[in-house]
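Understanding the architecture of this molecule
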Amino acid sequence: MKRRAAIRRTSRATGRPAKLWQLRLYVAGQTPKSLTAFKNLKQICENHLKGLYRIQVIDLLEQPNLSKGDQILALPTLVRRLPQPIRKIIGDLSDTERVLVGLDLRSGD
């Protein structure tokens, strides 16, 4: 599983610094559910945040102490660190519409 995704620091349209989305995906090993969550997140980011995101995958089997900072209670969990406010989505991220609303990329109307 890749640990980081591509970063583009400027907007193509304006040439100004672009808003970089910082996302953390908490998983427990490379289970089918963890791999599915990463695949779904990567696809959503490529379709809606092309080049304006960074994904950090945190495997709590390897680093269990990192769960405290973001108060992780279930896995997999996606945490949007930036832009603020912090948002959390639990599950394999297969419900694209729910993920887009949860990340504030689409309104829940």
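Described in the following lines is the structure provided in the data block. (Residues numbered from 1 in each chain as written. Predicted model: local features only at pLDDT ≥ 70, side-chain atom pairs only at ≥ 80, totals over all residues. Heavy atoms only, no water.)

1. Thoughts on the pattern of salt bridges
Definition in use: Basic side-chain nitrogens of Lys or Arg form a salt bridge, by our definition, when they fall within 4 Å of a carboxyl oxygen of Asp or Glu. The buried label goes to any residue with under 20% of its type's maximum accessible area, the exposed label to any with over 50%, and the partly exposed label to all in between, with areas taken from a 1.4 Å probe on protein chains only.
This model, assessed by the stated rule, comprises 6 salt bridges. The salt bridge partner of Lys 50 is Glu 46, with a shortest N-O separation of 2.7 Å. Under the relative-accessibility criterion, Lys 50 is labelled partly exposed at 46%. Connected through salt bridges with shared partners, the residues Arg 24, Asp 70 and Arg 81 form a single ionic network.

2. What to know about unusual backbone geometry
What counts, and what does not: To qualify as a helix, a DSSP run of H or I must reach at least 4 residues; to qualify as a strand, a run of E must reach at least 2; elements of each kind are numbered from the N terminus.
With an omega dihedral of -5°, the bond running from Leu 82 to Pro 83 counts as a cis peptide bond. As for its position among the elements, Pro 83 is in the loop between strand 3 (77-82) and strand 4 (87-90). Between Gln 84 and the following residue, Pro 85, the backbone shows a cis peptide bond with an omega angle of 5°. Structurally, Pro 85 can be placed in the loop between strand 3 and strand 4. Although it is not a glycine, Leu 93 adopts a positive phi angle of roughly 65°. Within the secondary structure layout, Leu 93 lies in the loop between strand 4 and helix 2 (96-102).

3. With respect to the pairing of strand 3
Successive residues of a regular strand alternate their side chains across the two faces of the sheet. Here is the rule: At least two bridges found by DSSP between two strands is the condition for calling them paired.
With 5 bridges connecting them, strand 1 (residues 21-27) and strand 3 associate as antiparallel partners. Each residue of the ladder has a partner; that of Arg 24, found in strand 3, is Val 79. Sheet topology places strand 3 next to strand 4; 4 bridges connect them, and they run antiparallel. Bridging from a neighbouring strand, Val 79 pairs with Lys 88 of strand 4. Taken together, strand 3 and the strand that follows it, strand 4, pair antiparallel across an intervening segment of 4 residues.

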